[in-house]
Amino acid sequence: MTATLSNLPSQYDPTDIEAKWQKLWEATECFKADPNAPGEPYCIVIPPPNVTGSLHMGHAFEHSLIDVLIRYHRMIGRNTLWLPGTDHASIAVSAILDQELRSQHKTRFDVGREAYLKRAWQWKEESGRTIVSQIRRLGLSVDWSRERFTMDAGLSAAVLKAFVDLYNEGLIYRGNYLVNWCPATQSAVSDLEVEPQEINGHLWHFRYPLADGSGFVEVATTRPETMLGDTAVAVNPEDSRYKHLVGKMLRLPIMDREIPIIADEYVDSSFGTGCVKVTPAHDPNDFDMGKRHNLPFINIMHKDGTLNENAGPFEGQDRFVARKNVVARLEELGVLVKVEDYKHTVPYSDRGKVPVEPLLSTQWFVKVRPLADRTLEFLDEKDLPVFVPDRWKKVYRDWLVNLRDWCISRQLWWGHQIPAWYAVSETGGEITDHTPFVVAHNAAEAREQAIAQFGAEVQLEQDPDVLDTWFSSGLWPFSTLGWPDTDAQDFKTYYPTTTLVTGFDIIFFWVARMTLMAEHFTGTMPFETVYVHGLVRDENNKKMSKSANNGIDPLLLINKYGCDALRYTLVKEVAGAGQDIRLMYNRKTDESESVEASRNFTNKLWNASRFVMMNLGKSFEFSVLSSQFSDTTQNLKLKTQNSLQLADRWILSRYNELVQQTRQCIDNYGLGEAAKGLYEFIWGDFCDWYIELVKSRLQGDNLESKQTAQQVLAHILEGTLRLLHPFMPHITEEIWHTLTQAKDDQFLALQSYPEANPDLIDPDLEQDFDLLIGTIRTIRNLRAEAEIKPGVKIKSFLQSDSDRERNILTRGQTYIQDLAKVEQLTIQDAQQAASEASSQKMIASVIGTVQVLIPLAGVVDLNALRSKLERDLKKVEAEIQSLSGRLNNPKFVAKAPADVVQTAQAALAEAQTQAEILRDRLKDLEVGE
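Residues numbered from 1 in each chain as written. Predicted model: local features only at pLDDT ≥ 70, side-chain atom pairs only at ≥ 80, totals over all residues. Heavy atoms only, no water.

## Section: the overall build of the protein
Let me state the cut-off plainly: Each helix corresponds to a stretch of at least 4 residues labelled H or I by DSSP, and each strand to a stretch of at least 2 residues labelled E; elements are numbered beginning at the N terminus. For every residue, the accessible area (1.4 Å probe, protein chains only) is compared with the maximum for its type, and the residue is labelled buried under 20%, exposed over 50%, or partly exposed between those bounds. Contacts were defined at the residue level, with two residues in contact if any of their heavy atoms lie within 4.5 Å. Methods summary: accessible areas were calculated by the Shrake-Rupley approach with a probe of 1.4 Å, and residue burial reflects only the protein chains presented. The charge count includes Lys and Arg as positive and Asp and Glu as negative, but it does not include His or the ends of the chains. Charge positions come from single atoms, namely NZ of Lys, CZ of Arg, CG of Asp or CD of Glu.
Each helix and strand counted, the protein has 31 helices and 29 strands in total. Each of the three principal axes of the protein carries a C-alpha extent, and together these read 110 × 75 × 55 Å. By the burial criterion, 53% of the 929 residues in the protein qualify as buried. Residue pairs in contact within the protein that sit at least 24 positions apart in sequence constitute 78% of those at least 6 positions apart. With an accessible surface of roughly 40700 Å², the protein has 47% of that area assigned to carbon and sulfur atoms. Of the charged side chains in the protein, 99 are positive and 128 negative; the average position of the first set lies 4 Å away from that of the second.

Right, here's the structure in full:
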C-alpha cells in the first residue's frame, strides 16, 4: 500500500476520531471472544459498577489499567475475553425509588411490591444505562455481546442455586444477631455501604454505684442513650485497681436494675478509666463479650431509630433526642461526672446519610468459617490467588482468618428475593422470628415441602427481604460465564479467569467473597492474580469522596483533552503497582496540566507521523501488515545492513530495547513504567533526535541513504504505534490505518504486538550515541547562553584526551554539524585545544570528559552582550532587594497568608540563582581580555 496524508489532517482532533473508532470497534464486534479460537485463554470480568452510578475517576483509572492488559494480551496472541456488566445495587436503586415516592407523599407499602418492582425495572431501562454509555466513552475493548446484569435471568438462576445449596449444606441459617442497621432505609447494610465520618462529638463520664453501697465505678461513652441497655461493666482481669470488684453487682442508674462487673481480656486498662460499659445488643465488641459471659441482650431501639419499651421513660423518643434526655436525667441523679469534647469516627449509612446503629435483628447469615478455612488452604498451600503487590496477600489472609458470619439479608424489595417460604398459618398469619419455613427453588417446590411438613392447609408467604448485593457479586467470575452449567463453552474455556484488577478498599468486601464462593462451588480460585491498584487523589493529594466533594469528572476531561490523553495520564502516573496517583486539576478553569501534558504528547505523535508519511513518498510500498511485518523486522538488518548509518543502527537498537522493556513491564504489571518508557522513546529518541538526524538525508540526493532512512522511519513508526496501542488505542488506530492504508476490517487492535530482535540491540552503540546527543545539546545550550542567533553558523572545538571519544565524535561529526548548526568543527586533543583557547575569546562547557568550546569572535557582539547581561543583572538584583525586604519584614511574614510567603521565598531563591548565572557569564566574558 502507498502511505498518504489524505486521511490525516494537519491538526489532531480527538473528538471525532475517538467516536469513530469506538463505533467501528463495536459495529464490527472487533473484541467478540471465541472460545474455540486458538491461543491460551486470558479473561477478565469487569468489576461491575452500580447501575445507579455515573462514571467517576476511579472507574476511569481502573478500566484504563484493565484495557492495557486486555489489549496487550490480545495482541500477543492470547484468546482474550473482557466481559462487561453492571450490579443491580439494591440499596442505591431503592433510595432513588423511595425518594420519588416520598415526593408523591407515598411509601413502597402504599404502591405494593409488584408495582414497586415494575417502577424499578422501568427506571433501570430508562436511567440505569447511564453508567454503561459513559464507560463506552473510554473506548474499552470489552465484548459487549456478553454484557451481564446481576439480575438477568442467568445470573438470577445462579444466585438461587447458590442460596439453596448453601442452605441445604447447613452453611446458610436464619438467626438473631447484631448487624449494621440504617434507620433511614430501615435495612441491614454491609460494611462497604458504611462511610466513616470524623465528627466533633462528646465523651460522657458517669458513675455506676455498687449495689452494696460501698462505692462506684466510672465509665465513659460517646452514646449515653445505650446505657439503658447495659447488662454489665467489664474490666481487664489483670487490672489491679478492679480485681477485688470482679463478680460484684452494680445498680444501673435510671433503669434501677442490677448488673455484674465482669473480667474480660478485651478491655484495655490504659484507656479511659479502665472500666467499660457493656451493651451486648448495641455494640459489636459488647456483643462478643455478651456471648462469652452469657449476658442478657436487651434491645432498646425500634428499627426506625426510636427507643422501644425497654428504654423505660424514654420510649418513643428518637435516639438523638433520647441522648440529651438521658444525659439530663443522669445529671439530675448526680452520677454525671463530666462531659469532654471528643473527635471520633462515626459510621454513616452511605445511602441513608444517617449514623448506622448496631442492632440485634433476625437476619439470614452465611456460616463463613468453613468456607474461609478452605480458601485459606488455597492461599497457604498453593499461593492462590497471587497478589500484586505482594503486601496485600497478608491483608487478605488476615481478613480470611478474622471473618465473621456474613449477614446476607436486606429489608428491601429490589434485588433477589430470598427463596424462603414461611408457614404463616403456624404463627397467626404473620412472619415472626419463630415462624417455621422451607427453602426451595420456586413456590411450587416450596409448597410441596410445606405440605409434607404442615399439611395441605398450610399457608405460605415468601420472605419479603432480598439478598445482599454482594451475594450475587460474589458469584460474578463464574456466574457470568455460564455457571451452574459447567458444560457451558465460556465456562470451560475462560474459567477460572486470569486477572482481577481492583482497588485495595474492596479486598474484603468483594475479593474475599468471590474466593469463598468460587472455592465452594467450583473447587478453585476464581482468578489467578489479583492486581491491586491505588486511589486517584486530587490536586491536593486528598482522597476523592462524595462527602469531601472533591471528585473530578472524567467526562469533562475527556471532552476537553480526549479519552486517550486521560487514559494515558492515569496509567503513566502509576509509580509502582498498588501506588496511589495524584491528578493535577484547576477547579476554577476545569483544566488539568497532567492531562494537558498527555494531550501534547498525542500532538507530538500526530505531527511526527505526518512528517514521516510526508517523506515516505508516493512510491513507498508499505507491506508490513500483521505477520508480514515480523518478517520485515527480522529481515531489516539483512536487507539494509550495508546502507544503515550510525543513527539508523542507534534508533533500531533503542527501539528493540524498548520492545523488550515494554513487554517485560506489562508482564510484571509495571504499567506506569511501560507508559513512561514509551513516552521517553517517542518524544525523545524518535521525534526529537532520529527524525531530526535524518532530515538532511531525506532531502538529499543520495537515493540509497534516503530509502534506508524511509524504511527505518516506517519500521519504527509502525512498531511504535503497536507498542503504544494498549495505552492510547484511538490515535494509534487512526495513524496506523493511514500509514498502512489497511482495509476497514483490519484493525491495529488485532495485530501482533512487536517482538524484540536481540541482534539489533547494541548497548555499546547506544552509549556512544549518548555522547553525540550530549555534545549537540551542550553546543545548543552554549549558543543560547551566548545569544547566538539560530540562523548563524558557528565554529566549535571539541577536546578530549580519549581516543575512543574522539573517534565517536568523528563518526558523528555530520550529526553534530547539522543539528547544532556548526559550520566548522574541529575535534582535537587537550594540548591543541589549549593553544586555540589561549588565542581566542571562547565560551566553554563540558559533557562527560569532552570539553566543548565556541569562539565568539565574528558571531557575537561582545560589548552588546556584556551590556545586556549587566542590565539583566541589575534588574534581578533589584528584585532580590525587594523580595529580601519583604521577607525580612516581621509584619509581612506574620500577617501574610502562608502560600504568599512561600511564593515570595521561592521567587527570591530563583532570582538569586539567576543572578549567580549572570555573574558567571559576565566573568566568562572577562577571561582572555
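On we go.
## Details of the side chain of glutamate 218
Note the threshold: Criterion for a salt bridge: a side-chain nitrogen of Lys or Arg within 4 Å of a carboxyl oxygen of Asp or Glu. Think of a polar contact as two N or O atoms within 3.5 Å of one another; within protein, one of them needs to be a possible hydrogen donor and the other a possible acceptor, and neighboring residues in sequence only count if both atoms come from side chains.
By the secondary structure assignment, glutamate 218 is in strand S8 (residues 216-221). Buried within the structure, glutamate 218 lacks any salt-bridge partner; its nearest side chain of opposite charge belongs to arginine 207, at an N-O separation of 4.7 Å. Among the polar contacts listed, one links the side chain of glutamate 218 to the side chain of histidine 205, at a separation of 3.1 Å. Among residues more than four places away in sequence, those in contact with glutamate 218 are His205, Phe206, Arg207, Thr273, Cys275 and Val337.

## Focus: the pairing of strand S18 (residues 420-423)
Selection rule: When DSSP finds two or more bridges between two strands, those strands count as paired.
Alternating positions in S18 separate into two faces, Ala420 and Tyr422 on one and Trp421 and Ala423 on the other, with burial throughout. Relative to strand S19 (residues 437-439), S18 runs antiparallel, the two sharing three bridges. For tryptophan 421, the partnering residue across the bridge sits in S19 and is valine 438. Examined bridge by bridge, S18 and strand S20 (residues 460-462) share three bridges and lie antiparallel to one another. By the bridge assignment, tryptophan 421 is partnered in S20 with glutamine 462.

## Examining the environment of tyrosine 208
Among the secondary structure elements, tyrosine 208 is positioned in strand S7 (residues 194-209). Accessibility expressed as a relative area gives 0% for tyrosine 208, which makes it buried. Sequence separation between tyrosine 208 and methionine 249 is 41 residues; the distance between their C-alpha atoms is 9.9 Å. Separated by 2.5 Å, the side chains of tyrosine 208 and aspartate 230 make a polar contact.

## Side note on the sheet that holds strand S23 (residues 527-533)
As a reminder of what qualifies: The angle between two axes is taken between their N-to-C directions and runs from 0 to 180 degrees, where each axis is a line fitted to C-alpha atoms and a helix contributes only its stretch in contact.
Strand order in the open sheet formed by three strands is S15-S23-S22, and the pairing between neighbours is parallel. Edge positions in the open sheet fall to strand S15 (386-388) and strand S22 (497-503), since each of these has one partner strand only. Each neighbouring strand pair of the sheet contributes to a mean axis angle of 20°, computed without reference to strand direction. Across three bridges, the pairing between S15 and S23 is parallel. When the bridges of S23 are listed, valine 388 appears paired with tyrosine 531.

## Quick word on helix H10 (residues 368-382)
Applied cut-off: By this rule the span expected of a helix is its residue count minus one, scaled by 1.5 Å. To be clear, the arc concerns the directions from the helix axis to the C-beta atoms.
With 15 residues, H10 ought to run about 21 Å at 1.5 Å a step, and its terminal C-alpha atoms sit 21 Å apart, in line with that. Those residues of H10 not exposed but buried are Val368, Leu371, Ala372, Thr375, Leu376, Phe378 and Leu379. All buried residues of H10 fall inside an arc of 150° around its axis, so they share one side. Structural note: H10 exposes Glu381 and Lys382 on the side pointing more than 90 degrees away from its buried face. At its buried positions, H10 is contacted by strand S14 (357-366), helix H11 (391-402), strand S16 (406-407) and helix H16 (507-522). Note on H10: the residue one or two positions beyond its end, aspartate 383, has a positive phi of about 55°.

## A look at the nonpolar core
Rules: Each nonpolar core is a collection of buried residues, namely Ala, Val, Leu, Ile, Met, Phe, Trp, Tyr and Cys, held together in the definition by side-chain atoms within 4.5 Å.
If you look at the biggest cluster of nonpolar residues, it comprises 206 residues, and the most contacted ones within it are Met57, Phe471, Phe686 and Phe727. At 14 residues, the largest contribution of residues to this core is made by helix H22 (residues 671-698). In terms of nonpolar packing, the next biggest core, distinct from the first, is built from 36 residues, Val233, Val235, Leu330 and Phe365 among them.

## Describing the environment of aspartate 667
Counting through the fold element by element, aspartate 667 comes out in helix H21 (residues 646-667). For aspartate 667 and histidine 73, which are 594 residues apart along the polypeptide, the C-alpha to C-alpha distance reads 9.2 Å.

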